[in-house]
Amino acid sequence: MELRLGQLSQGVGGDHLLMIGTRVTSAALVVVGLALVLGPRGVDPAVTLGAERLIRERAAAALVALDELRSTVEPGLESARAAAAAVISGDGAPSEPLEDAAARIADAEEAVAPAREAIRSLASALAAWHPGIPQPAPPVAAGELTSIAAQLRASGRAADTFADIRARGTSLPAVLEQALRALDRGALAEASEHVGKARDDHALVVAWETDLPTLPIWIATMDAMISAVQQIVEATGDGDEAAAIEAADEFGALSDDAGTADRALRIALSEGGSALTAAPLERLATTIGAIEDSRAAVAAIDEEVGQ
């Protein structure tokens, strides 16, 4: 090297030679720097510790964001479950608690973006330093909670219709009883009105778009009971005592099946009411599960890097 530099110095000015030497030195520094960055990562313990510290910091931030997301979704899930129970039990207007649950779920959407960003930030750090470690999946898609909230609201509107069906169906035997009491008082017009209401209520349940297997039992039994009471009222109005007695005997025989019919209706109502909110509740439960899975993955990464 000294000989070559000496030979160069004979034909090149000193300033020019100094410039060449400076360029060679700068290039060498660049090569060394790239080697440190791109070479084996275990070479510099300080670099390794810095990278792992960054991963752990981002993992901690992801855990906080995921916990915040879960804490905002869980109350909405509990409200939705309570609302679903209200649909079946008949306590108040079903749409009101479902609307409340929908509002809670919609508000929780604000916590989705920070959680997704925290996961993305952690994933980018992992990909740069530990590409072999599985990447944590985002806990929930953007807009998913808003979509679930809209589904809950739609369920609320259907639930109000269902509540009307439930109320009319379960009270139909009482309407028939009112018709018979009116008949005992000689109030034929009132008895006829009760029979007409019973027919309307029965028709509403019949028109219910469902294929629940127990409902036909109630439909058939109630149809026969309404017909018997109607015959009693009409025969009484016509002064046909024999026909009235015959219809009354038929009604008495059918009354033995009323208990079975009532149980069949309540089973159908329970299944039908549950179906109204099953889809959004299932999506909410899946969301909570995805948050838990994402959190477990982040915690595992934090533990692995910290070893």
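Structural data are supplied above this passage.
Note that the coordinates shown come from a computational prediction; the quantities given were computed from them, not determined experimentally.

Basis of the calculations
In every chain, residue numbers begin from 1 and rise along the written sequence. With pLDDT at 70 or above as the cut-off, local features in this predicted model cover only qualifying residues; side-chain atom pairs require 80 or more to be listed or tallied, and sums for whole chains, interfaces and linings still use all residues. The basis for the side-chain values is all heavy atoms of the structure; hydrogens and waters are excluded. Helix and strand labels come from DSSP, where a helix needs a run of H or I of at least four residues and a strand needs a run of E of at least two; each type is numbered from the N terminus. Each residue's exposure class comes from its accessible area (1.4 Å probe, protein chains only) as a fraction of the maximum for that residue type: buried when under 20%, exposed when over 50%, partly exposed otherwise. Areas reported as accessible are Shrake-Rupley estimates using a 1.4 Å probe. Residue values count occlusion only from the protein chains shown. Here the nonpolar core consists of buried residues drawn from Ala, Val, Leu, Ile, Met, Phe, Trp, Tyr and Cys, with membership extended through side-chain atoms lying within 4.5 Å. Think of each axis as a best-fit line through the C-alpha atoms, taken over the contacting stretch in the case of a helix, with angles from 0 to 180 degrees between the N-to-C directions. Orientation is classified from the angle alone, with under 35 degrees giving roughly parallel, over 145 giving roughly antiparallel, 65 to 115 giving roughly perpendicular, and any other angle giving oblique. Note on convention: the crossing is left-handed when the near helix lies turned anticlockwise from the far helix by less than a right angle, right-handed when the turn is clockwise. By the convention used here, residues are in contact when the closest approach between their heavy atoms is within 4.5 Å. Nonpolar residues are Ala, Val, Leu, Ile, Met, Phe, Trp, Tyr, Cys and Pro. Charged residues are Asp, Glu, Lys and Arg, and all others, Gly as well, are polar. Any carboxyl oxygen of Asp or Glu within 4 Å of a side-chain nitrogen of Lys or Arg constitutes a salt bridge here. Residues enter patches when they are more than 30% accessible in relative terms and free of salt bridges; like-charged ones are connected within 9 Å and nonpolar ones (Val, Leu, Ile, Met, Phe, Trp, Tyr) within 5 Å. His is not counted, nor are the chain ends; Lys and Arg add positive charge and Asp and Glu add negative charge. Lys charges are placed at NZ, Arg charges at CZ, Asp charges at CG and Glu charges at CD.

Chemist: Please set out the overall build of the protein residue by residue, giving values where relevant.
Modeler: Per the secondary structure count, the protein includes 10 helices and zero strands. Out of the 307 residues in the protein, the part that is buried amounts to 34%. Accessible area of the protein: about 16,800 Å², with a carbon and sulfur share of 58%.

Chemist: Can you lay out the nonpolar core for me, pointing to particular residues and giving the numbers?
Modeler: Ranked by size, the top nonpolar core spans 73 residues in total, and within it Leu69 and Leu152 carry the most contacts. Mapped by element, the contributors of at least two residues to this core are helix 3 (45-89), helix 4 (95-108), helix 5 (112-129), helix 6 (144-184), helix 7 (188-206), helix 8 (215-238), helix 9 (241-255) and helix 10 (258-306).

Chemist: If you had to explain the packing of helix 7 against helix 8 to someone new, which residues and values would you point to?
Modeler: Where helix 7 meets helix 8, the axes come as close as 10 Å, and the angle between the chain directions of the two elements is 160 degrees. Between helix 7 and helix 8, the angle is such that the two are roughly antiparallel. Between helix 7 and helix 8 lies a crossing of left-handed hand. Across from Leu188, Ala191, Ser192, Val195, Ala198, Arg199, His202, Val205 and Val206 in helix 7, the residues of helix 8 making contact are Leu215, Trp218, Ile219, Met222, Asp223, Ile226, Ser227, Val229, Gln230, Val233, Thr236 and Gly237. Residues that form the contact of helix 7 with helix 8 fall into these classes: 13 nonpolar, six polar and two charged.

Chemist: Give a description of the pattern of salt bridges that names residues and reports values.
Modeler: Should their charged atoms come close, side chains of opposite charge can pair. Applying the stated rule across the entire model yields 15 salt bridges. Among the salt bridges present, the one from Glu78 reaches Arg81, with a minimum N-O distance of 3.2 Å. Of this pair, Glu78 and Arg81 both sit in helix 3, separated by three residues, roughly a single helical turn. Overall, the relative accessible area of 46% leaves Glu78 in the partly exposed class. Note that Asp223 is salt-bridged to Arg199, the shortest N-O span being 2.7 Å. Here Arg199 lies in helix 7 and Asp223 lies in helix 8, a separation of 24 residues in the sequence. Salt bridges sharing partners connect three or more residues here, namely Asp67, Arg70, Glu292 and Arg295.

Chemist: Got a sec to walk through the environment of Pro94? Specific residues and values, please.
Modeler: Mapped onto the elements of the fold, Pro94 is located in the loop between helix 3 and helix 4. Setting aside its immediate chain neighbours within four residues, Pro94 contacts Val87, Ala159, Asp160 and Ala163.

Chemist: Describe the packing of helix 8 against helix 9, listing the residues and the values that go with them.
Modeler: It is at 8 Å that the axes of helix 8 and helix 9 come closest, and there the two elements cross at 160 degrees. Compared by their axis directions, helix 8 and helix 9 come out roughly antiparallel. Here the hand of the crossing between helix 8 and helix 9 comes out left-handed. Along its contact with helix 8, which presents Ala224, Met225, Ala228, Val229, Gln231, Ile232, Ala235 and Thr236, the element helix 9 presents Ala243, Ala244, Ala247, Ala248, Glu250, Phe251, Leu254 and Ser255. For the contact of helix 8 with helix 9, the residue count by class is 12 nonpolar, three polar and one charged.

Chemist: Quick rundown of a negative patch on the surface? Include the residues and the values.
Modeler: A cluster of like negative charges, contributed by Glu234, Asp238, Asp240 and Glu241, occupies part of the molecular surface. Relative to the assigned elements, Glu234 resides in helix 8.

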